[in-house]
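Letter by letter, the chains look like this.
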Amino acid sequence: MRVLITGGAGFVGSHIADVLTERGHEVRLLDLLIDTAHGGDRPPAWVQGYDTVLGDVRSDEVLDSVLSDVDVVCHQAAVVGHGLDPSDAPRYTGHNDHGTAVLLAAMYRAGVQRLVLASSMVVYGEGRYSCPEHGVTPPAPRPPDAIAAGRFEPPCPRCGADLESLLVPEDAPLDPRSVYAASKVAQEHLASAWARQTGGDVWALRYHNVYGPRMPRDTPYAGVASLFRSRLERGEEPVVLEDGGQRRDFVHVRDVALANALAVERPTAGLTPVNVCSGEPHTVGELAAELSRAMAGPQPRISGGARPGDVRHVVADPARARELLGFDAAVSFADGVTAFATDPLRSSAGLG
Ligand SMILES: NC(=O)c1ccc[n+]([C@@H]2O[C@H](COP(=O)([O-])OP(=O)(O)OC[C@H]3O[C@@H](n4cnc5c(N)ncnc54)[C@H](O)[C@@H]3O)[C@@H](O)[C@H]2O)c1
Ligand SMILES: [Zn+2]
């Protein structure tokens, strides 16, 4: 198949280009090389050799020129980050949401019916929890005095008991907690409306914590693995917030690319959201310890405290991806993190 990868020069997009090519597809990359991701106007070395168009996903002219002979669009282009500064909101919604709207309209003009959308676990907000007495419940906010006293588990809103963390299924309520997260939810909603209007189909792949080669250095976005590595490279210990017991699903970027390829290869109906995760949850403390071991560095330091808005546990249910896409992550935590000790990373301007 002929696939347009938007954001194809980025971390995930460039691996999708590799995996699709290995599987016999033809790819074209579209990327604006935004300065916060690249800090330069030349594409990174790993996309050399690919048909790469430098341009903006918000431009009709650019899209009309790149979409004419395309079967599927794999839409990765986005501004990533936490979006904590309110003045950044127009930038997030401009690239992510207006960009998606312009892309969908251009796909309609060009008769392209299939979309694979990079969504995110951030659409869920906090993970899924259950109270021993009250069952599945959204947690109450964590009171600052509890966090200061080292009690990090979110309480039941009805009885105050510590909640148990469960796997998040795709039909969990959406609860975006940052401008970035809101922009990812809006992308899904725009794509869903487009699928209804056009009869097109969309896989919304909700990636969990992606790590691996070409990850930007020191990115503040889900970049805990690269932050730990940067500290270890300086001979410093990784610093772990809270008590290190926050559970996440760290999924290797090659596996995320494989999930994209499987989605490219099979149509769905309407918009289908799918968690893309390893199915092997680990704590942030375990990630730090594993990376320290792999880099023969000092043991992590637990700092306590939590940033406002930090979620405690988000771990995904991998069942739907297995059932609908035949996707099973191939890279284990131990292998992926060991390799990450020496994987090439991308310098970026960072989001400050
Ligand atoms: N990395 C993660 O952990 C993670 C997790 C969940 C979801 N995602 C999603 O995956 C996708 C890829 O993220 P990534 O980690 O590879 O980020 P990245 O910054 O490495 O790649 C994004 C690419 O999009 C390009 N881009 C941004 N705006 C553009 C525009 N208007 N026109 C054309 N290109 C534009 C950038 O130049 C960059 O190369 C994003 O949609 C992101 O929201 C990433
Ligand atoms: Zn309860």
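All residue numbers refer to position in the chain's written sequence, counted from 1. Written order determines the labels here, with chains lettered from A and ligands numbered from 1. pLDDT decides what is reported in this predicted model: residues at 70 or higher carry local features, side-chain atom pairs at 80 or more are listed and counted, and totals for whole chains, interfaces and linings draw on all residues regardless. Note that water and hydrogens are dropped before the side-chain values are worked out from all heavy atoms of the structure.

Caption draft 1: Seen up close, the UniProt feature "domain: NAD-dependent epimerase/dehydratase" (unreviewed entry) in the protein. Here the UniProt-annotated "domain: NAD-dependent epimerase/dehydratase" (unreviewed entry) positions come out as residues 3–143 and 170–275. Spanning residues 3–143, this segment combines 33% helix with 22% strand, and its end C-alpha atoms are found 48 Å apart. UniProt positions are given in the numbering used here, feature names are shortened, and annotations may be inferred rather than shown by experiment. Helix and strand assignments come from DSSP, with helices taken as H or I runs of at least 4 residues and strands as E runs of at least 2, each series counted from the N terminus.

Caption draft 2: Up close: the coordination of the zinc ion (ligand 2). Each metal's donors are the N, O and S atoms within 2.8 Å of it, or within 3.2 Å when it is Na, K or Ca, and because water is not part of the set, sites may look incomplete. For the zinc ion (ligand 2), the full set of protein donor atoms is Cys 131 (SG), His 134 (ND1), Cys 156 (SG) and Cys 159 (SG), and the range of their distances to it is 2.1 to 2.4 Å. For the zinc ion (ligand 2), the four donor atoms are set out with angles of 105 to 114 degrees between them, so the coordination reads as tetrahedral. Spacing between the donor residues of the zinc ion (ligand 2) along their common chain follows C-x2-H-x21-C-x2-C. With Cys 131 in strand β6 (residues 128–131) and Cys 159 in the loop between α5 (144–148) and β8 (164–168), this pair connects stretches of sequence that are 28 residues apart. In this scheme, a residue with accessible area under 20% of its type's maximum is buried, one over 50% is exposed, and one in between is partly exposed, where area comes from a 1.4 Å probe on protein chains only. Residue classification places Cys 131 among the buried residues on the basis of a relative accessible area of 3%. In these descriptions, tetrahedral denotes four donors with every angle between 85 and 135 degrees, square planar four donors and octahedral six donors with opposite donors over 155 degrees apart and the rest between 65 and 115, and irregular any other case.

Caption draft 3: Structural detail: the sheet that holds strand β7 (residues 135–136). Between any two strands, at least two bridges found by DSSP are needed for them to pair. Strand order in this open sheet of four strands is β7-β6-β8-β17, and the pairing throughout is mixed. In this open sheet, the two edge strands, each paired with only one partner strand, are β7 and β17 (315–316). Summarising the sheet, β8 and β17 pair through two bridges and their orientation is parallel. Counterpart to Leu 167 in the pairing with β17 is Val 315.

Caption draft 4: View of the nonpolar core. Ranked by internal contacts, the top residues of the largest apolar core, which has 51 residues, are Ile 5, Leu 205 and Tyr 207. It is helix α8 (residues 253–265) that contributes the most residues to this core, eight residues altogether. Whether two residues touch is decided by their heavy atoms; if any such pair falls within 4.5 Å, the residues are in contact. If sequence neighbours within four positions are ignored, Ile 5 has contacts with Gly 13, Ile 16, Ala 17, Leu 20, Val 27, Arg 28, Leu 29, Leu 30, Cys 74 and Gln 76. Core analysis: the next-biggest nonpolar cluster, separate from the first, contains 22 residues, Leu 4, Leu 63, Val 70 and Val 112 among them. Throughout this description, the term nonpolar core refers to a set of buried Ala, Val, Leu, Ile, Met, Phe, Trp, Tyr and Cys residues connected via side-chain atoms within 4.5 Å.

Caption draft 5: Expanded view of the packing of helix α7 (residues 224–233) against helix α9 (residues 284–294). Packing of α7 against α9 brings their axes to within 10 Å, and their N-to-C directions diverge by 40 degrees. Note that α7 runs across α9; the crossing there is right-handed. Together, Val 224, Ala 225, Phe 228, Arg 229 and Leu 232 of α7 and Val 284, Leu 287, Ala 288, Leu 291 and Ser 292 of α9 make up the contact between the two elements. The residue classification treats Ala, Val, Leu, Ile, Met, Phe, Trp, Tyr, Cys and Pro as nonpolar and Asp, Glu, Lys and Arg as charged. All others, Gly included, are polar. In terms of residue class, the contact of α7 with α9 is made up of eight nonpolar, one polar and one charged. As a rule, the C-alpha atoms of each element are fitted with a line to give its axis, helices using only the stretch in contact, and angles between N-to-C directions run from 0 to 180 degrees. Take the far helix as your reference; a near helix turned counterclockwise from it by less than a right angle gives a left-handed crossing, and one turned clockwise gives a right-handed crossing.

Caption draft 6: Structural detail: the side chain of Arg 206. Tracing the backbone through its elements, the reader meets Arg 206 in strand β9 (residues 201–207). Beyond its immediate chain neighbours, meaning those up to four positions away, Arg 206 contacts Ser 119, Ser 120, Met 121, Val 123, Tyr 124, Glu 170, Leu 174, Glu 188, Pro 273, Val 274, Asn 275 and Val 276.

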